[in-house]
Amino acid sequence: MSSPDLPAVAPQLRALRRRAALTLEAAAGAAGLSPAHLSRLETGQRQPSLPMLLALARIYGTTVSELLGETVADRDAVVRAADMEPTAAGGWTYRQAGAPGRGMQALRLHVPYGSQGDIVRVHPGEEWLYVLQGRLRLRLGDTTHLLGPGDSAHFDSLTPHRIAAEDRDGLELLFVHTLLQSPTAALCLGPDPGVMP
């Protein structure tokens, strides 16, 4: 039996997948679904379960509310420093510097020396970063750049990239990207034996 909400959900699923610049196959694989199953969800032939909606929202960098087509109340355009709760992951400390649920995610990052410098990231989207303190070793493809305070970089996230602190005190960055990165949305290739980040 189909739900009356299904026609509204199906096109929203397709639109958000396309906004995230993911193919049907890539999105389905990241969500643990077959491409045929995701296609049926997008055409309204199947109704997604809540766990499926949660997984797809995480992959598409959005909320379940947006997947369901619910309108979000006006977001506050200002994020106060006192409201930037730190979140630790993989040794890095993240502070949300922009409103959630937008097409871009803005973060303030603290990257300690020696953390995640061996992880190569490749994913759809664009990234922009600005060094606030410390020095950043940024590897883009086969080229390594050393950036200091006031330096910035803007690149296509499909270019294999690594971010590492050059100094023992770590570094502080402002970081903006167009796709919410998560373990299921980002392709992390891991350490490359014998190659320095």
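This is a predicted model, so every value here is computed, not measured. (Residues numbered from 1 in each chain as written. Predicted model: local features only at pLDDT ≥ 70, side-chain atom pairs only at ≥ 80, totals over all residues. Heavy atoms only, no water.)

A. Highlighting the overall build of the protein. Across its full length, the protein holds five helices and 11 strands. Put simply, the protein has 197 residues, and 39% of those count as buried. The contacts of the protein with a sequence gap of at least 6 include a subset with a gap of at least 24, amounting to 65%. Accessible area for the protein stands at about 10700 Å²; split by element, carbon and sulfur atoms hold 55% of it. (Helix = DSSP H or I, 4+ residues; strand = E, 2+ residues; numbered from the N terminus. Buried < 20%, exposed > 50% of the residue type's maximum accessible area, 1.4 Å probe, protein only. Contact = heavy atoms within 4.5 Å. Areas by Shrake-Rupley, 256 points an atom, 1.4 Å probe, with all protein chains shown as cover.)

B. Looking closely at the packing of aromatic side chains. For the coordinates displayed, the defined rule picks out two aromatic pairs. Arranged with centres 6.1 Å apart and planes meeting at 35°, the rings of tryptophan 92 and tyrosine 94 form a pair that is tilted. Residue classification places tryptophan 92 among the buried positions, given a relative accessible area of 4%. Its relative accessible area of 22% is what places tyrosine 94 among the partly exposed residues. For the ring pair tryptophan 128 and tyrosine 130, a centre distance of 6.1 Å and an interplane angle of 20° mean the geometry is stacked. (Phe/Tyr/Trp six-rings, centres within 6.5 Å; stacked < 30°, edge-to-face > 60°.)

C. Here's a closer look at the nonpolar core. Counting 19 residues, the largest nonpolar core has Leu13, Leu38, Tyr60 and Leu67 as the members making the most contacts within it. The set of elements that each furnish at least two residues to this core consists of α1 (6–19), α2 (24–31), α3 (35–42), α4 (50–60) and α5 (64–67). Residue contributions to this core peak at six residues, all from α4. Residues Trp92, Leu107, Leu129 and Ala153 belong to the second largest nonpolar core, which totals 17 residues. (Core = buried A, V, L, I, M, F, W, Y, C linked by side-chain atoms within 4.5 Å.)

D. Focus on the confidence of the model for the protein. The predicted model of the protein has a mean per-residue pLDDT of 79, with 81% of residues at 70 or higher. Mean pLDDT across the elements of the protein ranges from a minimum in strand β11 (residues 187–188), with 35, to a maximum in strand β7 (residues 143–147), with 97. Under a pLDDT of 50 for its full length, residues 1–7 has, in the predicted model, five contacts with residues more than four places off or in other chains. Confidence drops under a pLDDT of 50 for residues 180–197, and excluding neighbours within four residues, the segment shows 38 contacts in the predicted structure. (pLDDT = per-residue confidence, 0-100.)

E. Highlighting the environment of leucine 132. Here leucine 132 lies in strand β5 (residues 126–133). In this structure the C-alpha to C-alpha distance between leucine 132 and glutamate 172, which are 40 residues apart in sequence, comes to 5.3 Å. In this structure leucine 132 touches Arg108, Pro149, Glu172, Leu173 and Leu174, once residues within four positions along its chain are discounted.

F. The arrangement of the side chain of arginine 17 in detail. Relative to the assigned elements, arginine 17 resides in helix α1. At 3.0 Å, the side chain of arginine 17 forms a polar contact with the backbone oxygen of leucine 22. With residues up to four places along the chain from it excluded, the contact list for arginine 17 reads Leu22, Thr23, Leu24, Ala27, Leu38, Glu42 and Tyr60. (Polar contact = N/O pair within 3.5 Å; in protein donor to acceptor, adjacent residues only side chain to side chain.)

G. A look at the pairing of strand β6 (residues 136–140). Counted residue by residue, β6 has five buried out of five residues, so it is predominantly covered. Here β6 shows no split at all, with Leu136, Leu138 and Leu140 on one side and Arg137 and Arg139 on the other all buried. Two elements, β6 and β7, share five bridges in a ladder whose sense is antiparallel. From the neighbouring strand, leucine 136 faces β7, where its bridge partner is leucine 147. Connecting the antiparallel pair β6 and β7 is a turn made up of two residues, with glycine 141 showing a positive phi of about 60°. Relative to strand β9 (residues 161–165), β6 is paired through five bridges, and the arrangement is antiparallel. The partner of arginine 137 across the bridge, within β9, is alanine 164. (Pairing = 2+ DSSP bridges.)

H. Here's a closer look at the packing of α2 against α3. Closest axis-to-axis distance for the α2/α3 pair is 8 Å, and the angle between their directions is 105°. What the angle tells us is that α2 and α3 run roughly perpendicular. Counted together, Leu24, Glu25, Ala27 and Ala28 of α2 and Pro35, Leu38, Ser39 and Glu42 of α3 form the full contact between these two elements. (Axes fitted to C-alpha atoms, helices over the stretch in contact; angles between N-to-C directions. Parallel < 35°, antiparallel > 145°, perpendicular 65-115°, else oblique.)

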